[in-house]
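Given next are the chains, with one letter for each unit.
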Amino acid sequence: MDLALPIWFEVGSLVVLTLILVADLLIVYRRPHIPSVKESSLWVTFYVVLALIFAVLMFVFAGAEPAGQFIAGWLTEYSLSIDNLFVFIIIMARFSVPRKYQQEALMVGIILALVFRGIFILLGAQLISNFSWIFYIFGAFLVYTAWNQAFTGHDDEEERENAILRFLRRKIAIHDQFDGGKVRTVVNGKKMFTPMIIVFIALGTTDLVFAIDSIPAIFGITQSPFIVFTANLFALMGLRQLYFLLGDLIDRLVYLKYGIAFILAFIGVKLFFHALHVNELPFINGGQHVEWAPEISTWTSLAVIVGAMVVAVVASLIKMKASGEQIAVDHDEIEPDPIEPADKKSTD
């Protein structure tokens with residue numbers, strides 16, 4: 001479907017959203033701190049309301065279909081972005097990043113995620129416009145990803161990061177302690193990298209993997225590159241604050257990964273049906289479109305996505321309550337900064 005989105009709306013939206021992200025980045029850079037529950041809640045609420053306002057504006061200027069596609073795409077990418085938090089928690093714990101400087105690391109990770117997803121969106125849009133059979137590949141990939149999501153965990157992430165750590169320590173000089181949020185420092189007159197460089201690389205490689213997973217998923221909902229990018233942008237905005245808001249609670253939402261897996265499998269099946277509907281492969285139905293293949297509507301997709309996430313979260317909370325786990329998490333615990341070497345003379 002060719003969506004009529006005014007060019008001024010697209011350009012204006014990207015400019016405003018870029019300014020908001022830059023302002024958020026400056027706040028983190030100028031005042032590194034541990035966000036309180038109240039602060040994190042306000043920021044997350046702000047970004048969610050901003051996304052809903054954006055959907056309303058799309059409804060006003062472009063109609064119900066693009067607005068529905070944006071909401072469905074945003075919720076899909078938001079759920080996948082929440083899954084990112086599992087790995088972020090592992091990375092932060094693995095490298096003992098001081099909680100005060102985790103905001104900076106997360107912001108770098110979010111910027112890298114935007115860059116990687118932007119690249120994959122451009123590539124995906126070109127593939128879709130030139131090769132309709134790519135929907136078969138996207139569909140199969142999402143079903144495979146859904147299986148891995150449901151039946152494998154994030155436990156292997158620590159081993160992967162250990163391998164990266166061992167490799168980098170052999171190749172470059174890395175000090176054992178953090179120096180604030182700096183990537184490089186000077187110890188005994190020698191320039192060295194801090195562990196923050198490892199954290200950035202770990203976040204970057206993780207973002208690359210998640211970009212490969214998430215872009216086919218949203219192209220199963222909409223083929224508009226603008227909607228795909230803005231849905232990803234809104235899903236990543238506020239992710240840093242959500243990390244501090246949910247904290248260890250994320251790891252105890254035990255059924256969340258099954259909800260995400262169900263969403264991925266559903267979109268994979270939807271893509272497969274769409275591929276049949278627009279089929280041009282000569283060995284399938286003689287190269288003709290398969291007319292019986294259903295086209296799942298945007299609103300059906302939206303209902304399935306919301307339903308899957310609600311069921312997964314509610315079921316997890318019920319299990320937590322039944323097992324007597326404490327739901328509230330103390331986010332205000334301040335970790336002491338690491339002790340810096342007494343002989344350190346200066347920093348970059």
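The rules behind each value
- Residues numbered from 1 in each chain as written.
- Predicted model: local features only at pLDDT ≥ 70, side-chain atom pairs only at ≥ 80, totals over all residues.
- Heavy atoms only, no water.
- Helix = DSSP H or I, 4+ residues; strand = E, 2+ residues; numbered from the N terminus.
- Contact = heavy atoms within 4.5 Å.
- Areas by Shrake-Rupley, 256 points an atom, 1.4 Å probe, with all protein chains shown as cover.
- Core = buried A, V, L, I, M, F, W, Y, C linked by side-chain atoms within 4.5 Å.
- Buried < 20%, exposed > 50% of the residue type's maximum accessible area, 1.4 Å probe, protein only.
- Patch = residues over 30% accessible without salt bridge, like charges linked within 9 Å, V, L, I, M, F, W, Y side chains within 5 Å.
- Salt bridge = Lys/Arg side-chain N within 4 Å of Asp/Glu carboxyl O.
- 1 Å grid on protein atoms, 1.4 Å probe; cavity = no way out; pocket = protein on both sides within 12 Å on 5 of 7 lines; lining within 4 Å.
- Points joined across faces, edges and corners; volume = space filled by probe spheres on them.
- Nonpolar A, V, L, I, M, F, W, Y, C, P; charged D, E, K, R; others polar.
- Polar contact = N/O pair within 3.5 Å; in protein donor to acceptor, adjacent residues only side chain to side chain.
- Phe/Tyr/Trp six-rings, centres within 6.5 Å; stacked < 30°, edge-to-face > 60°.
- Pairing = 2+ DSSP bridges.
- Expected span 1.5 Å × (residues − 1).
- pLDDT = per-residue confidence, 0-100.

Enquirer: Sorry if this is basic, but what is going on with the overall build of the protein here?
Expert: Of the regular secondary structure elements, the protein holds 12 helices and 2 strands. Mapped in sequence order, the helices and strands of the protein form the string α-α-α-α-α-α-β-β-α-α-α-α-α-α. Sequence-distant contacts in the protein: of pairs separated by 6 or more residues, those separated by 24 or more amount to 81%. Surface summary for the protein: the accessible area is close to 16,700 Å², and the carbon and sulfur share equals 67%.

Enquirer: How do you make sense of the nonpolar core when you look at a structure like this?
Expert: Side chains that are nonpolar tend, in soluble globular proteins, to be buried together. Judged by nonpolar contacts, the single largest core of 93 residues is most densely connected at Phe70, Val199, Phe234 and Met237. Among all residues touching Phe70, those that are not within four sequence positions of it are Ala51, Phe54, Ala55, Met58, Ile227, Thr230, Ala231 and Phe234.

Enquirer: I tried to follow the environment of Val183 on my own but got confused; where do I start?
Expert: Here Val183 lies in the loop between helix H6 (156–171) and strand E1 (184–187). Spatially, the C-alpha atom of Val183 lies 5.5 Å from that of Ile197, the residues being 14 residues apart in sequence. Every residue in contact with Val183, bar those within four places of it in the chain, is listed here: Met192, Phe193, Thr194, Ile197 and Phe200.

Enquirer: Just to check I follow, could you spell out a nonpolar patch on the surface for this structure?
Expert: There is a patch of nonpolar side chains on the surface, built from Ile7, Trp8, Val11, Val15, Leu19, Val49, Ile53, Val56, Leu57, Phe59, Val60 and Phe61 and spanning about 1,200 Å² of accessible area. Listing elements by their share of the nonpolar patch, those giving two or more residues are helix H1 (7–30) and helix H2 (37–62).

Enquirer: Sorry, what's going on with empty space enclosed by the protein here?
Expert: Over the atoms rolls a probe the size of a water molecule, and its path tells where empty space is left. Inspection of the entire model under this criterion finds 3 cavities of 30 Å³ or more. The volume enclosed by the largest cavity comes to roughly 60 Å³. Lining the largest cavity we find Asp24, Ile27, Val28, His33, Pro35, Glu39, Ser40, Trp43, Gln103, Arg240 and Gln241. Those elements giving two or more residues to the lining of the largest cavity turn out to be H1, H2 and helix H9 (239–246). By residue class, the composition of the lining of the largest cavity is 4 nonpolar, 4 polar and 3 charged.

Enquirer: For this particular structure, what's the right way to read the side chain of Thr222?
Expert: Positionally, Thr222 belongs in the loop between helix H7 (196–219) and helix H8 (225–236). The exposure class assigned to Thr222 is buried, which follows from its relative accessible area of 1%. Of note is the side chain of Thr222, whose polar atom sits 3.1 Å from the backbone nitrogen of Ser224.

Enquirer: I'm lost on the packing of aromatic side chains in this one. Help?
Expert: Geometry of an aromatic ring pair is reported as the spacing of the ring centres plus the angle between the planes. Summed over the entire model, instances satisfying the criterion amount to 15 aromatic pairs. Considering the side-chain rings of Trp8 and Phe9, the 6.1 Å spacing of their centres and the 90° angle between planes classify their relative orientation as edge-to-face. Since its relative accessible area comes to 52%, Trp8 is described here as exposed. A residue is classified by how much of its surface remains accessible, and Phe9, at 5% relative accessible area, is buried. Both rings, one in Tyr136 and one in Phe272, keep their centres 5.6 Å apart while their planes meet at 70°; by these two values the pair is edge-to-face. With Tyr136 in helix H5 (residues 134–151) and Phe272 in helix H11 (residues 256–277), this residue pair connects regions lying 136 residues apart in the sequence.

Enquirer: How should the pairing of E1 be read in this particular structure?
Expert: Every regular strand shows the same layout, with side chains that alternate between the two sheet faces. Pairing of E1 with strand E2 (residues 190–193), which is carried by 4 bridges, proceeds in the antiparallel orientation. What sits directly across from Arg184, in E2, is Phe193. Count of turn residues in the E1/E2 antiparallel hairpin: 2 residues, of which Asn188 carries a positive phi of about 55°.

Enquirer: Can you walk me through helix H3 (residues 64–94) in this structure?
Expert: Note that an α-helix has 3.6 residues per turn; residues three or four places apart therefore point the same way. Its 31 residues place the ends of H3 45 Å apart at the C-alpha level, agreeing with the 45 Å of an ideal helix rising 1.5 Å per residue. Burial within H3 is extensive, with 24 of its 31 residues counted as buried. Immediately downstream of H3, the backbone of Ser96 shows phi near 50°, a positive value.

Enquirer: I'm lost on the confidence of the model for the protein in this one. Help?
Expert: As a general rule, the predicted coordinates of low-pLDDT regions are not to be interpreted in detail. Within the protein, residue pLDDT values average 78, and 85% of them lie at 70 or more. Contacts for the low-pLDDT stretch residues 328–348, under 50 throughout, to residues beyond four places or in other chains number 47 contacts.

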